[in-house]
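A look at the structure
Listed below, chain by chain, are the residues.
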Amino acid sequence: MQCNEIDERIFTAFVLVIKESSSYSKITLTSVANKLGMSRQALYETHYRSIDELVIALHYFIDQNPQMKLKKFLSQQAAYQHTDLIHFFAEEILPDLYSKRQYLQILYKGIACPPWTRFIMKSYIDILEPYFKGSEAKTGLSVEFMMQLAITQTLTIIANWMNQPKPENPATFSKKFIFLMTHSINDLISINPD
């Protein structure tokens, strides 16, 4: 699903309506259409038939560049000789996510988080499977378990980053992301401030 400028305007209006609303259940296509200065019928007939449909399109919009870049990286790893998946994600994907932070912030604040998490899990399981093949013997864990763990950990780090009052820029945060992805919870707990 490719999104265009009109879709982006609709998503921005949706974010504004969410920020002004006391409850997600009170958000309607009419309120989004009003924010855009168009009729509900025009929005319904030419773009989205429901808020759920709009949220699904928003998922694709946020994920279209990161997924394309990740697929390219995984299919052409030889071209990225000295870059592992975590460093690639930090350097190439985090800036894309940061540019969509106004949308991610609403997804990660519980407004649409469970569907977003399911969407990402479904989208990336097949893409990442070859990357985890062969690790079962080293870890004793299934490939599916490891992929779900990696995706969940990544989403959790991004959610915490996005939920900061002012998320730091990706150039600074990328170092923290790499640190968090390459250290265990035990390492984090055991850090001695001295």
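Computed from a prediction, not measured in an experiment: that's the story for all the values here.

A closer look at the overall build of the protein chain
Secondary structure assignment for the protein chain yields 11 helices and zero strands. Moving toward the C terminus, one meets the helices and strands of the protein chain in the order α-α-α-α-α-α-α-α-α-α-α. Each principal axis of the C-alpha atoms in the protein chain carries an extent, and together these give about 55 × 40 × 30 Å. The burial tally for the protein chain puts 40% of its 194 residues in the buried class. Considering only residue pairs separated by 6 or more positions, the protein chain has 62% of its internal contacts joining residues 24 or more positions apart. Counting only carbon and sulfur atoms, one obtains 54% of the accessible surface of the protein chain, whose full area is about 11300 Å². Looking at the protein chain, you have 19 positive and 19 negative side-chain charges, and the mean spots of the two groups are 6 Å apart.

Thoughts on the side chain of Gln67
Relative to the assigned elements, Gln67 resides in helix H4 (residues 51–75). Setting aside its immediate chain neighbours within four residues, Gln67 contacts Ser123, Tyr124 and Ile127.

Looking at the pattern of salt bridges
Counting across every chain of the model gives four salt bridges. Of the charged contacts in the structure, one is a salt bridge between Lys69 and Asp96, with a shortest N-O distance of 3.0 Å. Residue Lys69 is found in helix H4, and its partner Asp96 is found in helix H5 (residues 85–99); the two are separated by 27 residues along the sequence. Of the charged contacts in the structure, one is a salt bridge between Glu168 and Lys176, with a shortest N-O distance of 2.9 Å.

Thoughts on the packing of H5 against helix H10 (residues 170–182)
Relative to each other, H5 and H10 sit at 135°, their axes nearing to 9 Å. The angle between the axes of H5 and H10 places the two elements in the oblique class. In terms of crossing hand, the pair formed by H5 and H10 is right-handed. Residues Ile86, His87, Phe89, Ala90, Leu94, Pro95 and Tyr98 of H5 form the contact with H10, whose participating residues are Pro170, Phe173, Ser174, Phe177, Ile178, Met181 and Thr182. When its residues are assigned to classes, the contact of H5 with H10 shows 11 nonpolar, three polar and no charged.

Some details on the packing of H5 against helix H9 (residues 143–162)
In contact at an axis separation of 12 Å, H5 and H9 are set at 50° when each is read in the N-to-C sense. In terms of orientation, H5 and H9 fall into the oblique class. Where H5 crosses over H9, the handedness of that crossing is right-handed. Seen from H5, the contacting residues are Phe89, Leu94, Leu97 and Tyr98; seen from H9, they are Thr154, Ile158, Trp161 and Met162. Per-class residue counts for the contact of H5 with H9 are seven nonpolar, one polar and no charged.

A few points about the environment of Leu16
Mapped onto the secondary structure, Leu16 falls in helix H1 (residues 5–20). On the accessibility criterion, Leu16 (37% relative accessible area) is partly exposed. Sequence-wise, Leu16 and Ala90 are 74 residues apart; in three dimensions their C-alpha atoms are separated by 29 Å.

About the criteria used
- Residues numbered from 1 in each chain as written.
- Predicted model: local features only at pLDDT ≥ 70, side-chain atom pairs only at ≥ 80, totals over all residues.
- Heavy atoms only, no water.
- Helix = DSSP H or I, 4+ residues; strand = E, 2+ residues; numbered from the N terminus.
- Buried < 20%, exposed > 50% of the residue type's maximum accessible area, 1.4 Å probe, protein only.
- Contact = heavy atoms within 4.5 Å.
- Areas by Shrake-Rupley, 256 points an atom, 1.4 Å probe, with all protein chains shown as cover.
- Lys, Arg positive; Asp, Glu negative; His and termini not counted.
- Charge placed at Lys NZ, Arg CZ, Asp CG, Glu CD.
- Salt bridge = Lys/Arg side-chain N within 4 Å of Asp/Glu carboxyl O.
- Axes fitted to C-alpha atoms, helices over the stretch in contact; angles between N-to-C directions.
- Parallel < 35°, antiparallel > 145°, perpendicular 65-115°, else oblique.
- Left-handed = near helix turned anticlockwise from the far one by under 90°.
- Nonpolar A, V, L, I, M, F, W, Y, C, P; charged D, E, K, R; others polar.

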